[in-house]
Amino acid sequence: MGIQGRILTGHRPTGRRHLGHLLGTLEVWARLQEKYECFFLIADYHVLTTDYEHPQLLRENICECLLDWLAAGIDPRRSTLLLQSAVPAHAELSLLLSMLVTVPRLERNPTYKEQVQQLGLVERASLGLLAYPVLQAADILIYRADTVPVGEDQLPHLELTRELARRFNALYGDLFPEPRPLLSPTPRLTGTDGRTMHTSYGNTIPLSASPEEVQEKVWGMVTDPARIHPHDPGHPEVCPVNAYHLALERETAEPVAEACRRGEVSCAEHKRRMAALLTERLEPYRRIREEMAGREEELWDILRQGSRRAATLAQATLEEVRSRMGLPRLRQEDAGRPLNLTGRLCC
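This one's a predicted model, so the numbers in the text were calculated from it and none came from an experiment.

Chemist: For unusual backbone geometry, give the residues involved together with the corresponding values.
Modeler: Of note, the phi angle at R144 is positive, near 50 degrees, even though the residue is not glycine. Tracing the backbone shows R144 in the loop between α8 (132–141) and β4 (147–150). According to the relative accessible area criterion, R144 is partly exposed, its value standing at 31%.

Chemist: Give me the pairing of strand β1 (residues 6–11): which residues, what numbers.
Modeler: Most of β1 is tucked away, with 5 of its 6 residues classed as buried. Where β1 and strand β2 (residues 37–42) come together, 6 bridges link them in parallel fashion. Opposite H11, over in β2, you have I42 as the bridge partner. Viewed along the sheet, the connection from β1 through helix α1 (residues 19–32) into β2 turns out right-handed.

Chemist: Tell me about the packing of helix α3 (residues 58–71) against helix α13 (residues 267–292), and name the residues and values.
Modeler: Two elements in contact, α3 and α13, have axes whose closest approach is 9 Å; the angle formed by their N-to-C orientations is 125 degrees. Compared by their axis directions, α3 and α13 come out oblique. Both α3 and α13 take part in a crossing whose hand is right-handed. Each of E64, L67, D68, L70 and A71 in α3 lies in contact with α13, whose residues at this interface are Y285, I288, R289 and M292.

Chemist: Could you give an account of the packing of α8 against helix α9 (residues 155–172), with specific residues and numbers?
Modeler: The N-to-C vectors of α8 and α9 enclose an angle of 65 degrees; their axes lie 9 Å apart at closest approach. Regarding the angle of α8 to α9, the classification is roughly perpendicular. Crossing of α8 against α9: the hand is right-handed. In this structure, α8 contributes Y132, P133, V134, Q136, A137, I140 and L141 to the contact, and α9 contributes H157, L158, L160, T161, L164 and A165.

Chemist: Which residues make up helix α4 (residues 89–98), and what values go with them?
Modeler: Here α4 has its buried residues at A89, H90, L93, S94, L96 and L97. Buried residues of α4, seen end-on, are gathered within an arc of 165 degrees and therefore sit on one face of the element. Buried positions along α4 lie against β2, β3 (80–83), α8, α9 and α14 (296–324).

Chemist: Could you give an account of the nonpolar core, naming the residues involved and the relevant values?
Modeler: In terms of nonpolar packing, the biggest core is built from 49 residues, with L66 and W69 touching the most fellow members. Not counting residues within four places of it along the chain, the set of residues in contact with W69 comprises G10, H11, R17, L26, W29, F40, L41, I42, I74 and L81. Of all hydrophobic cores here, the second largest spans 39 residues; its members include F39, A138, L164 and A310.

Chemist: Describe α14, naming the residues involved and giving the relevant values.
Modeler: End to end, α14 covers 41 Å across 29 residues, agreeing with the expected 42 Å (1.5 Å per residue, within 8%). The sharpest bend along α14 comes to roughly 25 degrees, located at A311. Among all positions in α14, only L299, W300, I302, L303, G306, S307, A310, A314, T317, L318 and V321 are buried. Of the residues flanking the end of α14, it is G326, one or two places downstream, whose phi is positive at about 90 degrees.

Chemist: Now, about the pairing of strand β5 (residues 180–183): what can you tell me, with residues and values included?
Modeler: As a general feature of sheets, a regular strand has side chains that alternate between the two faces. Note: β4 against β5, 4 bridges, orientation parallel. By the bridge assignment, T147 is partnered in β5 with R180. With α9 bridging β4 and its parallel neighbour β5, the resulting β-α-β unit is right-handed.

Chemist: Describe the packing of aromatic side chains, with residues and values.
Modeler: The geometry of an aromatic ring pair comes down to the distance between the two centres and the angle between the two planes. Counted under the stated rule, the structure contains 6 aromatic pairs. A ring pair is formed by W29 and W69, whose centres lie 5.4 Å apart and whose planes are at 80 degrees; its orientation type is edge-to-face. Of this pair, W29 sits in helix α1 while W69 sits in helix α3, placing them 40 residues apart in sequence. The pair W29 / W69 is uniform in exposure class, with both members buried.

Chemist: Please set out the pattern of salt bridges residue by residue, giving values where relevant.
Modeler: Applying the stated criterion to the full structure yields 28 salt bridges. A salt bridge links E34 to R78, with the shortest nitrogen-to-oxygen separation between them at 2.3 Å. With E34 in the loop between α1 and β2 and R78 in the loop between α3 and β3, this pair connects stretches of sequence that are 44 residues apart. Given the relative accessible area of 55%, E34 is considered exposed. Using a relative accessible area of 39% as the deciding quantity, one classes R78 as partly exposed. Between E178 and R162 there is a salt bridge, and its shortest N-O distance comes to 3.5 Å. Of this pair, E178 sits in the loop between α9 and β5 while R162 sits in helix α9, and the two are 16 residues apart along the sequence. For R162, a relative accessible area of 21% translates into the label partly exposed. If you follow the salt bridges from partner to partner, you end up with E34, D75, R77 and R78 in one network.

Scoring rules and cut-offs
- Residues numbered from 1 in each chain as written.
- Predicted model: local features only at pLDDT ≥ 70, side-chain atom pairs only at ≥ 80, totals over all residues.
- Heavy atoms only, no water.
- Helix = DSSP H or I, 4+ residues; strand = E, 2+ residues; numbered from the N terminus.
- Buried < 20%, exposed > 50% of the residue type's maximum accessible area, 1.4 Å probe, protein only.
- Pairing = 2+ DSSP bridges.
- Right-handed = clockwise from strand over helix to strand, strands pointing away.
- Axes fitted to C-alpha atoms, helices over the stretch in contact; angles between N-to-C directions.
- Parallel < 35°, antiparallel > 145°, perpendicular 65-115°, else oblique.
- Left-handed = near helix turned anticlockwise from the far one by under 90°.
- Contact = heavy atoms within 4.5 Å.
- Arc of directions from axis to C-beta.
- Core = buried A, V, L, I, M, F, W, Y, C linked by side-chain atoms within 4.5 Å.
- Expected span 1.5 Å × (residues − 1).
- Bend = angle between axes of the 7 residues up to and from the residue.
- Phe/Tyr/Trp six-rings, centres within 6.5 Å; stacked < 30°, edge-to-face > 60°.
- Salt bridge = Lys/Arg side-chain N within 4 Å of Asp/Glu carboxyl O.

Shown next, in the form of structure tokens:
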């Protein structure tokens, strides 16, 4: 079977990747490399939409993110791994697409509303955060990707990408495909505190977590709030520990859930089983990651090479966009020279 299409997806480099990333995206991405032309984006511009005050962390977090990708089987020999800020065409296309969307449309984005509330940004939300979905649309459309693996929480962002593709095509002629979502087969996990799983909330379990860190994280997880005593009948369908167990190993999770309903397995016992299972599951990633640690220059080389490949394609798309929107084409060495009213270079 040949290549089925082109994928663009990625992560914000906010630190170590966590269990939600592994089950929801990384294992899926590793398999998709067999069927699609894949572009995997480390979206460092996107980090600045909520955390522009700690630039010293960004470079380190880029390496952390890439290490976890490689440990999970994302292969730079089969896919293009790139750094968003290393391909300036992303930012310019975002600016041009922003002309085609209204502020009220962006303010209706449910993810924007949630982040403003959860991160306490009611009076401090930046223009960058509001326009986050426009930059995300540019990330996808600059490569004319036709497929985007997403979680359910990202569907509103992708719908805006599709809207912008349609609007651009209607105004300037067909150029962009309307990318289709490819939903993860893994149900969306909540964070260890029951809220949306998000690195900024501190409610994740990193892939590189030590056995002690796994134990601490699992032991602190919220469970069935209606279960007061250890042998009260439980309600595993509302328990995050059970949700994690199901996502990791359904065949052992379902009998434990039934025992929980009968009051035969306490929350503490279920957490102990989960911690042991999770420690075993994460061991291969932790081992590969440790083998690669300390080879920072090799990591940057991977991103340099991938970003160069991506930039060639991105620049071709951007030049076509600029032309269709009526912007003059100039060689870089001509950029400082004045233009006459016809758009031709003055003598």
